[in-house]
Amino acid sequence: MKHLFMFFAVLGMFIGLNSEAKTTKAAKKGNTVSTSEVAYLAGGCFWGMEDLLRKLPGVTQTEVGYMGGDTKNANYNIVKTGTTNHAETVKITFNPEKITYQDLLLYFYKIHDPTTTNRQGNDIGTQYRSAIFYTSDKQRDEAEIVRARVDKSGAWKSPVVTQIVKAADFWSAEEYHQDYLQKNPGGYTCHFERKIEFKE
């Protein structure tokens, strides 16, 4: 009887440990799935920016909109005047376990010209400026590190003018702007990936 009791006690302990291991594994798996961070980047017309950023491994969602101005409920008709101080911005949701914030920024610096003030290609105005809108002190610090690295590397022949400012209200752009180049293949864009490296 004593041996039988011990057998069931050990069996119960084994089942409990096994169940705990499965729960821990499931929790870790759940954390991996739910891990996400948001970045806000501006670098000219948001169509071209979004189309390139959305293809990066680790990027789970993109949305285009307006950030950086004071006018509430910003929309294309007022932002395009260049008087609201909003920048055409891409909201990027990404998994930092698959792509780091710094690597995302390094790619950002390859797909637009960060040396032109309020201009990207043929698009001119404050709404087309180069800007990183940070959501935390950690993002701000990393943005400053990456900007300094890009500038120091000399990959771009002129000084980097990208603004690093705190994220504010993000106003989602009109539906026809979302995934524009997917809906309109061959549509206008001045964005492309440069074959440049930012050596430390």
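Before any of the text, the structure's been laid out above.
If you're wondering where the values come from, they're calculated on a predicted model, not measured in any experiment.

1. Remarks on the overall build of the protein
Looking only at helices and strands, the protein features six helices and eight strands. Secondary structure elements of the protein occur, N-terminal to C-terminal, as α-β-α-β-α-β-α-β-β-β-α-β-β-α. Burial status across the protein gives 40% buried among its 200 residues. A separation of at least 24 residues holds for 78% of the contacts in the protein among residues at least 6 apart in sequence. Summed over its atoms, the accessible surface of the protein is roughly 11500 Å², and 55% of this surface lies on carbon and sulfur atoms.

2. With respect to the pattern of salt bridges
Applying the stated rule across the entire model yields eight salt bridges. Among the salt bridges present, the one from Glu197 reaches Lys110, with a minimum N-O distance of 3.5 Å. With Glu197 in the segment after helix H6 (180–183) and Lys110 in helix H4 (residues 101–111), the pair connects residues that are 87 residues apart, well separated along the chain. The class for Glu197 is exposed, based on a relative accessible area of 55%. As a salt-bridge pair, Glu200 and Arg149 come within 3.7 Å of each other at their nearest N and O atoms. Pair noted here: Glu200 is in the segment after H6 and Arg149 is in helix H5 (residues 137–153), with a separation of 51 residues, a long-range link. The exposed category is assigned to Glu200, whose relative accessible area is 81%. Each of Asp51, Arg54 and Lys55 takes part in a single network of salt bridges with overlapping partners.

Definitions and cut-offs
Residues numbered from 1 in each chain as written. Predicted model: local features only at pLDDT ≥ 70, side-chain atom pairs only at ≥ 80, totals over all residues. Heavy atoms only, no water. Helix = DSSP H or I, 4+ residues; strand = E, 2+ residues; numbered from the N terminus. Buried < 20%, exposed > 50% of the residue type's maximum accessible area, 1.4 Å probe, protein only. Contact = heavy atoms within 4.5 Å. Areas by Shrake-Rupley, 256 points an atom, 1.4 Å probe, with all protein chains shown as cover. Salt bridge = Lys/Arg side-chain N within 4 Å of Asp/Glu carboxyl O.

Limitation: the analysis is restricted to geometry and does not speak to function.
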